[in-house]
Amino acid sequence: MDFTDEQLERYSRHIILKNVGVEGQEKICRGRVLIIGAGGLGSPAALYLAAAGVGVIGLVDGDVVDRTNLQRQVIHFTPDLGLPKVESAAAKIRRLNPDVRVHTYHTLALAHNIAGLIKDYDFIIDATDNFPAKFLINDACVLGGKPFSHGGILRFDGQAMTYVPGAACYRCVFTAPPPKDLVPTCAQAGVLGAVAGMLGAIQAAEALKYLTGIGEMLTNRLLIFDALAMNFRTVKMRRNANCPLCGREPRITGLADEARPVCDLKNAKH
Amino acid sequence: MNIIINGQAENIAGENLSVAKLLALKNVEAPDMVSVQLGGEFVPRADFETAKLKENDTVDFLYFMGGGGGGGL
Ligand SMILES: [Zn+2]
């Protein structure tokens, strides 16, 4: 890959990093990252990956931009209300960095399409907002041998872990989705917008480390942070022999959809 | 009994303490929303009553975090 003078200038702050250099930037520019969910986590992740010059960014989201999104989903602007999120996000990425090719998939990731969605990408970012999607992404990535970043946020807290083949998976930690009646509803929960930004940036950093092969991935560790105390810690973990997906006696050998929560804040009764 | 809970050294009164009892003592309202790692091994949810803590154990409560924002995290 021959960089133009403009590209050398654009990526100069990466290139001067000892661990990245021209070779690392070339790896980023050849990299393909799929972001599932173009919301609170997907927005910052997409912006940083676009700025970094990731060669192909795929965006999967079935929603349109809603006014309640604008408090944290920083890739969408007020004039984008009503647009498909993938289109709104793709337009910003193209303006930020014309080097990046953007592929948009205006759909939910479901059991019947997820294997096809992830197959052409090097790294997947789970930026979804619900457990059925998180478990589906985990299962598809483990069965398909694809590395991915899990991210979850709630109120002022966030968590992240990275899976690469051979490492502990999301089901090693969280065997199955929690009982639906215990999952906070939209009206009960909420999230500080900047917390979503913190976590999306962590996920983007994991993708860039994976593409360049530098540092230690957040594998076999769960990063947990509490933004109110501004306290971060990582909990070490190992693959779980009882994991229903990657344990000694796997019970899950294929992909299935679980019922999704209905989340419509406008109609929520307070 | 001295144990390390979520990275903090704590002294918990009582012997023969189960994971379920510890969750109750620590005011974890919804044990179904937490995954428990004891001494580096995940405790199956069905074993919360029978799995016991001992002196110097390390225990971590890992909470489910999915959405919250709704409408796309
Ligand atoms: Zn597993």
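Reading guide: rules and limits
Residues numbered from 1 in each chain as written. Chains lettered and ligands numbered in written order. Predicted model: local features only at pLDDT ≥ 70, side-chain atom pairs only at ≥ 80, totals over all residues. Heavy atoms only, no water. Contact = heavy atoms within 4.5 Å. Salt bridge = Lys/Arg side-chain N within 4 Å of Asp/Glu carboxyl O. Polar contact = N/O pair within 3.5 Å; in protein donor to acceptor, adjacent residues only side chain to side chain. Helix = DSSP H or I, 4+ residues; strand = E, 2+ residues; numbered from the N terminus. Donors = N, O, S within 2.8 Å, 3.2 Å for Na, K, Ca; no water. Tetrahedral: all angles 85-135°; square planar, octahedral: opposite > 155°, others 65-115°. Buried < 20%, exposed > 50% of the residue type's maximum accessible area, 1.4 Å probe, protein only. Expected span 1.5 Å × (residues − 1). Pairing = 2+ DSSP bridges. Axes fitted to C-alpha atoms, helices over the stretch in contact; angles between N-to-C directions.

*Asks:* So what exactly am I meant to see when it comes to the interface of chain A and chain B here?
*Replies:* Where the parts come together, the accessible area they lose is often given as the size of the interface. Counting from both sides, the interface comprises 46 residues of chain A and, opposite them, 24 residues of chain B. Our count for the contact surface shared by chain A and chain B stands at two salt bridges. Among the salt bridges present, the one from Arg-238 of chain A reaches Glu-41 of chain B, with a minimum N-O distance of 2.5 Å. At the boundary of chain A and chain B, one finds six residue pairs in polar contact (both at pLDDT 80 or more). When residues of the side of chain A that touches chain B are traced back to their parent elements, those giving at least two are helix 7 (131-144), strand 5 (148-154), strand 6 (157-163), helix 8 (170-173), strand 7 (221-226) and strand 8 (231-236) of chain A.

*Asks:* How do you make sense of the coordination of the zinc ion when you look at a structure like this?
*Replies:* Between any two of four tetrahedral donors, the ideal angle at the metal is 109.5 degrees; between two of six octahedral donors, it is 90 or 180 degrees. All names here are of chain A. At the metal site, the zinc ion is ligated by Cys-169 (SG), Cys-172 (SG), Cys-243 (SG) and Cys-246 (SG), and these contacts range over 2.3 Å. Around the zinc ion, the four donor atoms sit at angles spanning 93 to 120°, and that spread fits a shape best called tetrahedral. You can call Cys-243 buried: its relative accessible area is 1%.

*Asks:* I tried to follow the environment of Ala-256 of chain A on my own but got confused; where do I start?
*Replies:* Residues and elements named next belong to chain A. Tracing the backbone through its elements, the reader meets Ala-256 in the segment after strand 8. Given a relative accessible area of 57%, Ala-256 falls into the exposed group. Expressed as a C-alpha distance, the spacing of Ala-256 and Met-217, which sit 39 residues apart in the sequence, is 28 Å. Other than its neighbours up to four places away in sequence, Ala-256 contacts Ala-111 and Leu-136.

*Asks:* Is there a simple way to think about helix 5 (residues 85-96) of chain A in this case?
*Replies:* Note on helix geometry: an α-helix contains 3.6 residues per turn, so any two residues three or four positions apart are oriented the same way. In this model, helix 5 of chain A (twelve residues) spans 17 Å end to end at C-alpha, consistent with the 16 Å of a helix rising 1.5 Å per residue. Along helix 5 of chain A, the residues that are buried comprise Lys-85, Val-86, Ser-88, Ala-89, Ala-90, Lys-92 and Ile-93 of chain A.

*Asks:* Would you mind going over the sheet that holds strand 6 of chain A with me for this structure?
*Replies:* Where strands meet in a sheet, backbone hydrogen bonds hold them as pairs that are either parallel or antiparallel. Residue and element names in this part refer to chain A. Spatially, eight strands are ordered 3-2-1-4-5-6-7-8 in an open sheet, and the strand pairing comes out mixed. The open sheet has two edge strands with one neighbour each: strand 3 (101-105) and strand 8. Strand-to-strand, the axes of this sheet are offset by a mean angle of 15°, without reference to chain direction. Relative to strand 6, strand 5 runs antiparallel, the two being bridged by seven bridges. Each residue of the ladder has a partner; that of Ser-149, found in strand 6, is Thr-162. Sheet contacts for helix 5: strand 2 (56-60) and strand 3; angle to strand 3, the most-contacted strand, approximately 175°. Contacts from helix 7 reach strand 1 (32-36), strand 4 (123-126), strand 5 and strand 6, with the element oriented near 165° to strand 5.

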